[in-house]
Amino acid sequence: MHPTADLFADTLPAVHAARPAADATAFELGWDYAHYRLTPPPEALTAGHALQQGWQAGAATFGTRTLNPTPPVRKWLQLRWGAWRRGKPFEGTQVTPNFLAQIDVALCPITRVALTHASGAGSDASVDRVCNQAGYAAGNLAVMSHRANQAKADLSCRNALTIVKQLEASGLDTLDGLNPLQWSRLAVLMSLVTPMKHDEAACLPLLVLPPNR
């Protein structure tokens, strides 16, 4: 937690001393929303919510002396909120706004279309976990289109490779909006965070570059 947050414990002793770990994480997230003078998601702004308490504590501490909420900062806060809401671990040492700026790309690595932003289209960019069973950590995060992420869902690398074989055998052009080559790229991307034997991994062409870290 931000060291200054501990100073605020004098005015909220019961809240700060008795919070379990999940509430401490939410409090810190609310504190950071206030540090950038941003409003947390509406569902967090309920009486007694630890995130709301952190936001109020931060707002009282920072006032107007806040930081610039750049797009990577907004995405960083959004990812942390999503991780907390899903009960997933978030590795905060390496996954920073600077890291998110480093992994940003102009083209979807799966579909190779130009990424859009907040248009409501399948080409909108999203930062996603490559392996949905793992947490939010450097090396398991990549920027891809919403369409590619929707197709990936919670599938594994081997699921994606099976889909490629099924498409090639059936003669179908696409499945869930992706063609065989795009499914192959998705499978290779997921293989980079999947434990594999050497001979199995060596058979996969490097159709996409590995995520940063």
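Computed from a prediction, not measured in an experiment: that's the story for all the values here.

Caption draft 1: The arrangement of the overall build of the chain in detail. Within the chain, the regular secondary structure consists of 10 helices and 2 strands. The order of α-helices and β-strands along the chain, N terminus first, is α-α-α-α-α-α-β-β-α-α-α-α. A buried classification covers 39% of the 213 residues belonging to the chain. When contacts within the chain are restricted to residue pairs at least 6 apart in sequence, long-range pairs at least 24 apart make up 58% of them. Averaging the locations of the 18 positively and 16 negatively charged side chains of the chain gives two centres separated by 2 Å.

Caption draft 2: Quick look at the nonpolar core. Grouped together as the largest cluster of nonpolar side chains are 44 residues, with contacts concentrated most on Leu100 and Trp183. For this core, the secondary structure elements donating two or more residues are helix H3 (21-35), helix H4 (50-62), helix H5 (71-86), helix H6 (97-102), strand E2 (141-145), helix H7 (146-152), helix H8 (157-170) and helix H9 (180-191). Ignoring sequence-local partners within four residues, the contact set of Leu100 consists of Pro72, Lys75, Trp76, Leu79, Val95 and Val127.

Caption draft 3: View of H4. Taking 1.5 Å of rise per residue, 13 residues should cover 18 Å, and H4 covers 18 Å from first to last C-alpha, within 8% of that figure. Three or more residues of H4 are buried, namely Ala50, Leu51, Gln52, Gln53, Gly54, Ala57, Gly58 and Phe62. Looking at the residues trailing H4, positive phi occurs at Gly63, about 60°.

Caption draft 4: Just the packing of H3 against H5, in detail. Contact geometry of H3 with H5 gives a least axis separation of 11 Å together with a crossing angle of 160°. One finds that H3 runs roughly antiparallel with respect to H5. At the point where H3 passes H5, the crossing takes the left-handed sense. Between H3 and H5, the contacting residues are Ala22, Thr25, Ala26, Glu28, Leu29, Asp32 and Tyr33 on the first element and Trp76, Leu77, Gln78, Arg80, Trp81 and Trp84 on the second. Residues belonging to the contact of H3 with H5 are distributed by class as follows: 8 nonpolar, 2 polar and 3 charged.

Caption draft 5: Quick look at unusual backbone geometry. Phi angles above zero are rare outside glycine, and Arg37 is one such case at about 55°. Among the secondary structure elements, Arg37 is positioned in the loop between H3 and H4. By relative accessible area, Arg37 is classed as exposed at 55%. Even without a glycine there, the phi angle at Ala118 is positive, about 55°. In this structure, Ala118 sits in the loop between H6 and strand E1 (125-129).

Caption draft 6: Highlighting the environment of Leu167. Looking at the element boundaries, Leu167 is found in helix H8. On a C-alpha basis, the gap between Leu167 and Pro180 in space is 6.3 Å, while along the polypeptide they are 13 residues apart. Leaving out residues up to four positions away in the same chain, Leu167 has contacts with Leu172, Thr174, Leu175, Leu178, Asn179, Pro180 and Trp183.

Cut-offs and rules
- Residues numbered from 1 in each chain as written.
- Predicted model: local features only at pLDDT ≥ 70, side-chain atom pairs only at ≥ 80, totals over all residues.
- Heavy atoms only, no water.
- Helix = DSSP H or I, 4+ residues; strand = E, 2+ residues; numbered from the N terminus.
- Buried < 20%, exposed > 50% of the residue type's maximum accessible area, 1.4 Å probe, protein only.
- Contact = heavy atoms within 4.5 Å.
- Lys, Arg positive; Asp, Glu negative; His and termini not counted.
- Charge placed at Lys NZ, Arg CZ, Asp CG, Glu CD.
- Core = buried A, V, L, I, M, F, W, Y, C linked by side-chain atoms within 4.5 Å.
- Expected span 1.5 Å × (residues − 1).
- Axes fitted to C-alpha atoms, helices over the stretch in contact; angles between N-to-C directions.
- Parallel < 35°, antiparallel > 145°, perpendicular 65-115°, else oblique.
- Left-handed = near helix turned anticlockwise from the far one by under 90°.
- Nonpolar A, V, L, I, M, F, W, Y, C, P; charged D, E, K, R; others polar.

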